[in-house]
Amino acid sequence: MALRTILSYPDPRLHTVARPVQEVDARIRTLVADMIETMYDANGIGLAATQIDVHERVVVIDVSEERNEPLVLINPEITWASPEKVVNEEGCLSVPGIYDGVERSTAVKVRALDAQGHSRTIEAEGLLAVCVQHELDHLLGKVFVEYLSPLKRNRIKTKLLKQQRDDERQARRRAEA
């Protein structure tokens, strides 16, 4: 297993639409293991392969209290979404430190393959439903800030670009010292 680098918004690679996984093999299982390790290391509850610059339809999620129940979704498809919606405050490992309200369905059904390539259907509600919808958006090249107003989105983009420049400047200073 290896930690992977998580792309930060507004990196254009976050807008790449992921392609379906052709075969659940050792390469995909290694990717899944790396994604789980990366998600836990970053204290996240979900991670899409797009966020680590792998553009295949793979998602890992763990909303359990103990952080020991990872859910693997390969080629996930939402087959049903409740008409009832709720606004929840969301954050994202690719948009560090930013949280805002996004409207999502309160429940969804998802068909996907697991890490062994077996088909399964998951019924999700509450936090898991929100997380599933959020991560599947990543596979479509969509980041949660795109649900926000253009003004908010531009403020977030400016803030994160400034933070990235500051981080790079500090790294250069440390390297020169």
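To be clear, the structure that these remarks concern was listed above.
The text that follows walks through the structure, step by step, so that each part is easy to find. (Residues numbered from 1 in each chain as written. Predicted model: local features only at pLDDT ≥ 70, side-chain atom pairs only at ≥ 80, totals over all residues. Heavy atoms only, no water.)

## Quick look at the pattern of salt bridges
Okay, so step 1: Tallied over the entire structure, the rule returns ten salt bridges.
Okay, so step 2: Between Asp 137 and Arg 104 there is a salt bridge, with its nearest N and O atoms 2.7 Å apart. Of this pair, Asp 137 sits in helix α2 (residues 126–139) while Arg 104 is found in strand β5 (residues 95–105), placing the two residues 33 residues apart along the sequence.
Okay, so step 3: For Arg 104, a relative accessible area of 3% puts it in the buried group. (Salt bridge = Lys/Arg side-chain N within 4 Å of Asp/Glu carboxyl O. Helix = DSSP H or I, 4+ residues; strand = E, 2+ residues; numbered from the N terminus. Buried < 20%, exposed > 50% of the residue type's maximum accessible area, 1.4 Å probe, protein only.)

## Some thoughts on helix α1 (residues 26–41)
Okay, so step 1: With 16 residues, α1 ought to run about 22 Å at 1.5 Å a step, and its terminal C-alpha atoms sit 22 Å apart, in line with that.
Okay, so step 2: The set of residues buried in α1 consists of Ile 28, Leu 31, Val 32, Asp 34, Met 35, Ile 36, Thr 38 and Met 39.
Okay, so step 3: Of the surrounding elements, those touching the buried residues of α1 are β1 (46–48), β2 (58–61) and β3 (71–81).
Okay, so step 4: Just downstream of α1 lies Asn 43, where phi reads positive at about 60 degrees. (Expected span 1.5 Å × (residues − 1). Contact = heavy atoms within 4.5 Å.)

## Description of the pairing of strand β7 (residues 119–125)
Okay, so step 1: Bridge count between strand β6 (residues 107–113) and β7: seven bridges; the pairing is antiparallel. Bridge pairing in β7 links Arg 111 to Thr 121. (Pairing = 2+ DSSP bridges.)

## Brief notes about the pairing of strand β4 (residues 85–92)
Along a regular strand, successive side chains alternate from one face of the sheet to the other.
Okay, so step 1: In this structure, β4 lies alongside β5, joined through seven bridges in antiparallel fashion. Of the residues in β5, the one forming a bridge with Glu 90 is Asp 100.

## Things to note about unusual backbone geometry
Okay, so step 1: A cis amide bond, omega 10 degrees, links Tyr 9 with the succeeding residue Pro 10.
Okay, so step 2: With respect to the secondary-structure elements, Pro 10 resides in the segment before α1.
Okay, so step 3: One non-glycine residue, Asn 43, lies in the positive phi region at around 60 degrees.
Okay, so step 4: Inspection of the secondary structure assignment puts Asn 43 in the loop between α1 and β1.

## Comments concerning the sheet that holds β6
Okay, so step 1: The strand order across the open sheet built from five strands is β1-β2-β3-β6-β7, with neighbouring strands paired in antiparallel fashion. Each of the sheet's edge strands pairs with one partner strand only, and the pair in question is β1 and β7. Within this sheet the neighbouring strands show an average axis-to-axis angle of 40 degrees, counted without direction.
Okay, so step 2: Relative to β2, β1 runs antiparallel, the two sharing three bridges. When the bridges of β2 are listed, Gly 46 appears paired with Ile 61.
Okay, so step 3: In the packing of α1 onto the sheet, the strands contacted are β1, β2 and β3, and the crossing angle to β2 comes to about 40 degrees.
Okay, so step 4: In the packing of α2 onto the sheet, contacts are made with β1, β2, β3, β6 and β7, and the angle to β2 comes to roughly 155 degrees. (Axes fitted to C-alpha atoms, helices over the stretch in contact; angles between N-to-C directions.)

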